Amino acid sequence: MKYYNLKDHLEKINFREATIKGQGKEKGLFFPENIPRFNEEFIQNLHQYSNEEIAYQCMKDFVGDEIPSEILKEIVAETVSFEIPLEKINEQISILELFHGPTLAFKDIGARFMSRCLSYFLKDQQKKVTVLVATSGDTGGAVAHGFYKIPQINVVILYPKNRVSPVQEKQLTALGENISALEVNGSFDDCQNLVKQAFSDEEINSQLFLTSANSINVARWLPQQIYYLIALKQWIQQHKEHPVICVPSGNFGNICAGLLAHFRGLSASHFIAACNANHVIPDYFTTQNYQPQKAIATLSNAMDVGDPSNFVRVLELFGHQFETVKNKISAYSIDDDETMKTISKVYEKYGYILEPHSAVAFASMEKYLQENPDQKGFILGTAHPVKFPDAVEKAIHTQIEIPESLKELMKKEKKTVEINSDFEELRRFLLHKI
Ligand SMILES: *Cc1c(COP(=O)(O)O)cnc(C)c1O
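Remember, predicted model here, so these are calculated numbers, not experimental data.

Draft legend 1. Looking closely at the sheet that holds strand E9 (residues 209-211). The strand order across the open sheet formed by five strands is E9-E6-E7-E8-E14, and the pairing between neighbours is parallel. The strands lining the two open edges of the sheet, one partner per strand, are E9 and strand E14 (417-420). Neighbour-to-neighbour, the strand axes of this sheet turn through a mean angle of 30°, independent of strand direction. Pairing of strand E7 (residues 153-160) with strand E8 (residues 179-185) involves six bridges; the strand directions are parallel. Among the inter-strand pairings, Val 156 is bridged to a residue of E8, identified as Ser 180. The strands that helix H20 (residues 423-432) touches are strand E6 (129-134), E7, E8 and E14; relative to E14, the one it contacts most, it runs at about 140°.

Here you go:
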């Protein structure tokens, strides 16, 4: 499979190069040259396939012969090596729980697939590879766990001191081995600036092979299709009608993967983009005018995005036909107040504990179902409630139970190197400490 740069269609590369490079010229995103249809028999009989087989069928056309099929089978098996259950919340709404992986968030799936592909592609390199990433919380943990103990790869994560939650901090800082966590005296923007400077520093790049584990990388984006199939496999065993699928959205990578699977033959009656108070896309759907905004802080902080980078892929998928996009996708904006009320209400009425991102999805789904009462569907549960204990416990007036795996993690020691937000300290660390 070839991938073309959305900013310059003449730049075409294969899966290996797209995985290593991340993005193309002018920061353009890569997009698959053709959309391979699922085999009809496969889609009709999903319930007869294991999750590993589904994952392999989903990914093989995108990788082609660039990874031998036996190795790709191992990679996808490790990618989906935890439970992904579809649970019923009420008669109309179910939830796909994507938070049973190592960092309790759906980003584990993309990060696990990408890290293993990258490791395969770089195994014959002489130099060690350094993955450099800035995080505001969830991405860093998923990337750290994805690359943990992967040979030939060092990971350096920059995070803003005192601005990530206690669970998120432990997920970044307690691993050790090939993972280094740098605690930056500054904001997330400072972290991102430091990473940018490192990528353009000649001396660093002459000594280290730097790469980013950016969320727009095709090797993180494409495997997200897998769990839409795993959801459908469970859905068709209980329902005749096609599901409405509602996705809590920030950068729009997740929903775009679902739409891609739909174009390949996965049945869905409708998609909903559930946004928080950052409502660039809901506005676009009413005005047809895309107007990027500065992101504002909300309870569902992983969706605080004012200029969603993956939305261009959604448009590309639909051939830039606004009416077609609108017929398939609805978008809603849910503010923090409504998010909190939704967490309280769903707990009281159905005994299910949502966290803020999934609550935004639940509230959006309810709005859609009010207008379309004969439909049913599922939301994607993108994080475990323990990752957002303050908001959740305040909404349900109850302490939430901490999973065993997390109790172990919280006991571990935090290992970090504290640096200032000027570049010199990062430079010294990269050149001399790893
Ligand atoms: C990253 C993230 C999202 C948003 O996903 P996108 O692919 O950026 O739209 C939603 N929920 C959680 C918990 C996340 O970590």
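Still to come is the rest of the account.
Draft legend 2. Here's a closer look at helix H3 (residues 51-63). An ideal rise of 1.5 Å per residue puts 18 Å on 13 residues; H3 measures up with 18 Å between its terminal C-alpha atoms. Maximal helix bending in H3 amounts to about 25°, located at Gln 57. Among the residues of H3, those classed as buried are Asn 51, Ile 54, Ala 55, Tyr 56, Cys 58, Met 59, Phe 62 and Val 63. One or two steps after H3, the chain reaches Gly 64, where phi turns positive at roughly 60°.

Draft legend 3. Local environment of the pattern of salt bridges. This structure, assessed with the given rule, holds 21 salt bridges. Here Asp 8 and Lys 25 are joined by a salt bridge, their closest N and O atoms 3.9 Å apart. Here Lys 25 lies in the loop between helix H1 (15-21) and strand E3 (30-32) and Asp 8 lies in strand E2 (residues 8-14), a separation of 17 residues in the sequence. Among the residues examined, Asp 8 registers a relative accessible area of 21% and is labelled partly exposed. Given a relative accessible area of 49%, Lys 25 falls into the partly exposed group. A salt bridge links Lys 60 to Asp 61; the nearest nitrogen and oxygen atoms lie 3.8 Å apart. Under the relative-accessibility criterion, Asp 61 is labelled partly exposed at 30%. Overlapping salt bridges, with partners in common, bring together Lys 161, Glu 169, Glu 183, Lys 414 and Glu 418 in one network.

Draft legend 4. View of the packing of aromatic side chains. Here the structure, examined in full by the defined rule, presents 16 aromatic pairs. A centroid spacing of 5.6 Å and a plane angle of 85° characterise the contact between Phe 252 and Phe 311, whose relative ring orientation is edge-to-face. Here Phe 252, found in the loop between strand E10 (244-248) and helix H12 (253-263), pairs with Phe 311, found in helix H14 (residues 311-317); they are 59 residues apart in sequence, far enough to count as distant. We note that Phe 252, like Phe 311, is buried. Three or more aromatic residues link up through ring pairs in this structure, and these residues are Phe 252, Tyr 284, Phe 285, Tyr 290, Phe 311 and Phe 322. One residue, Lys 73, lies across the ring of Tyr 56, its end atom 5.0 Å from the ring centre. Directly above the ring of Trp 221 sits Arg 313, whose terminal nitrogen or CZ lies 4.2 Å from the centroid.

Cut-off values and rules
- Residues numbered from 1 in each chain as written.
- Predicted model: local features only at pLDDT ≥ 70, side-chain atom pairs only at ≥ 80, totals over all residues.
- Heavy atoms only, no water.
- Pairing = 2+ DSSP bridges.
- Helix = DSSP H or I, 4+ residues; strand = E, 2+ residues; numbered from the N terminus.
- Axes fitted to C-alpha atoms, helices over the stretch in contact; angles between N-to-C directions.
- Contact = heavy atoms within 4.5 Å.
- Expected span 1.5 Å × (residues − 1).
- Bend = angle between axes of the 7 residues up to and from the residue.
- Buried < 20%, exposed > 50% of the residue type's maximum accessible area, 1.4 Å probe, protein only.
- Salt bridge = Lys/Arg side-chain N within 4 Å of Asp/Glu carboxyl O.
- Phe/Tyr/Trp six-rings, centres within 6.5 Å; stacked < 30°, edge-to-face > 60°.
- Lys NZ or Arg CZ within 6 Å of the ring centre and 35° of its normal.

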